[in-house]
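Report on the structure
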Amino acid sequence: MSIHYPRYNMSQPSIVAFAQGDVTGDGVTDHVYLTGIKTSDSPFIQNITLHVKDGRTGKLTSILLRENVGYNPTLFLGDFTGDGVADILIGIATGGSGGIMYYYVFSFVDNKAKLLFDFNVYNDRYEYDVTYQDNYKVEVVSKVNDNKYIIDISNRGAEYLAEIYTENGKLKSPITGFVNPLSGLYPVDFNSNKVYELLAYQKIAGRYNADSLGFILNTLGWKDNKFVLQNQYLAIFGS
């Protein structure tokens, strides 16, 4: 006897993430959720849409996200602007080998959607140059603030280094690396003032994506009606 398991209705959206909090600013808890169309036999989700149901009036507002396909969509509610009202942080995994993510932050005061953070705008603004140098060093330059970092790769192993350097530590040929788009965006209340900052992670890669050299960590805070860079760090792996 064969058993036939039910398959997802490819055209029927379902709730894939849910959160509660006052996002409209009237002091009443609202219902915030994401819906999407699940794919049969896969965690892939399409047509990911944000919905906010006003807890006081029952009014429902829906927003189809610009990038609306991916995996494991998540919601976080927290005040990022300091107005005392929770904003909506959305994360969606792309499923790519680089761990790249889609992120949006929306304000919903008075039932009016306002996009505060768009990962595409961030990725376009925060760019870097990664250049291998003699003597087992890699230089990383952050263009947005002209900060320069030097990574010591002398502990990467003899075989790895021999492919790149001569015996006296000179580059055999010029090599450039790259920094990936956003792979993590985390809400952190650094000042313990009930207003969240955003901690953004971007992976630094060497000759190829799996050749990871570390991460750029940018702290973003809300100022003058936009997220601005507060602090920047380069994190490396120990040995």
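Model, not experiment: these values are computed from the prediction.

The next subject is the overall build of the protein. Regarding its fold elements, the protein presents 2 helices and 15 strands. Dimensions along the principal axes, computed over C-alpha positions, put the protein at roughly 70 × 65 × 25 Å. Nonlocal contacts in the protein, meaning residues at least 24 apart in sequence, comprise 44% of its contacts between residues at least 6 apart. Surface summary for the protein: the accessible area is close to 12800 Å², and the carbon and sulfur share equals 49%. If the 20 positive side-chain charges of the protein are averaged to one point and the 25 negative ones to another, these points end up 2 Å apart.

Before going further, it helps to examine the nonpolar core. Grouped together as the largest cluster of nonpolar side chains are 55 residues, with contacts concentrated most on L50, L75, I88, I90, F117, Y132 and I153. When residues in this core are grouped by element, the largest group, 6 residues, is from strand β7 (residues 101–107). When neighbours within four sequence positions are excluded, Y132 is seen to be in contact with K137, V138, I153, Y160, I164, Y165, L171, I175, G206, R207, D211 and L213.

Within the secondary structure, T24 is located in the loop between β1 (14–21) and β2 (30–38). Apart from residues lying up to four places away in sequence, T24 is in contact with D30, D54, V85, F108, V109, D110 and N111.

Another point: the sheet that holds strand β5 (residues 71–78). Strand order in the open sheet formed by 4 strands is β5-β6-β7-β8, with antiparallel pairing between adjacent strands. Each edge of the open sheet carries a strand with a single partner, namely β5 and β8 (114–118). Here the average twist between neighbouring strands, direction ignored, is 20°.

Per-residue confidence for the protein gives a mean pLDDT of 94, with 96% of residues at or over 70. Below pLDDT 50 for its whole length, residues 1–8 participates in 5 contacts with residues either more than four positions away or in separate chains.

Scanning the model with the defined rule gives 16 aromatic pairs in all. Their ring planes at 70° and their centres at 6.4 Å tell us that F80 and F227 sit as a pair that is edge-to-face. One end of the pair, F80, is in the loop between β5 and β6 (87–93); the other, F227, is in strand β15 (residues 226–235), with 147 residues separating them in the sequence. No difference in accessibility class separates F80 from F227, as the two residues are buried. Pairing Y136 with Y165 gives two aromatic rings, centres 4.7 Å apart and planes at 65°, and the pair type is edge-to-face. One end of the pair, Y136, is in the loop between β9 (128–133) and β10 (137–142); the other, Y165, is in the loop between α2 (158–164) and β12 (178–188), and 29 residues separate them in sequence. Judged by relative accessible area, which is 23%, Y136 ranks as partly exposed. With relative accessibility at 2%, the residue Y165 sits in the buried group.

Spatially, the 4 strands line up as an open sheet ordered β1-β2-β3-β4, and their pairing is antiparallel. Each edge of the sheet is formed by a strand with only one pairing partner; in this case those strands are β1 and β4 (60–64). In this sheet, adjacent strand axes meet at a mean angle of 20° when their direction is disregarded. Alignment of β2 against strand β3 (residues 45–53), held across 7 bridges, turns out to be antiparallel. Pairing of I37 across the sheet is with Q46, part of β3.

Our focus in this paragraph is the pattern of salt bridges. Within this structure, the stated rule accounts for 8 salt bridges. The salt bridge involving D134 is made with K170; its shortest N-O contact spans 3.7 Å. Of this pair, D134 sits in the loop between β9 and β10 while K170 sits in the loop between α2 and β12, placing them 36 residues apart in sequence. Taking the relative accessible area as the measure of exposure, D134 reaches 31% and is therefore partly exposed. For D211, the salt bridge identified is with R156, shortest N-O distance 2.8 Å. Pair noted here: D211 is in the loop between β13 (197–205) and β14 (212–223) and R156 is in the loop between β11 (147–152) and α2, with a separation of 55 residues, a long-range link. Relative accessible area serves as the criterion here: at 30%, R156 is assigned to the partly exposed category. The structure contains a network of salt bridges with shared partners spanning R156, E163, R207 and D211.

Procedures and definitions
- Residues numbered from 1 in each chain as written.
- Predicted model: local features only at pLDDT ≥ 70, side-chain atom pairs only at ≥ 80, totals over all residues.
- Heavy atoms only, no water.
- Helix = DSSP H or I, 4+ residues; strand = E, 2+ residues; numbered from the N terminus.
- Contact = heavy atoms within 4.5 Å.
- Areas by Shrake-Rupley, 256 points an atom, 1.4 Å probe, with all protein chains shown as cover.
- Lys, Arg positive; Asp, Glu negative; His and termini not counted.
- Charge placed at Lys NZ, Arg CZ, Asp CG, Glu CD.
- Core = buried A, V, L, I, M, F, W, Y, C linked by side-chain atoms within 4.5 Å.
- Buried < 20%, exposed > 50% of the residue type's maximum accessible area, 1.4 Å probe, protein only.
- Pairing = 2+ DSSP bridges.
- Axes fitted to C-alpha atoms, helices over the stretch in contact; angles between N-to-C directions.
- pLDDT = per-residue confidence, 0-100.
- Phe/Tyr/Trp six-rings, centres within 6.5 Å; stacked < 30°, edge-to-face > 60°.
- Salt bridge = Lys/Arg side-chain N within 4 Å of Asp/Glu carboxyl O.

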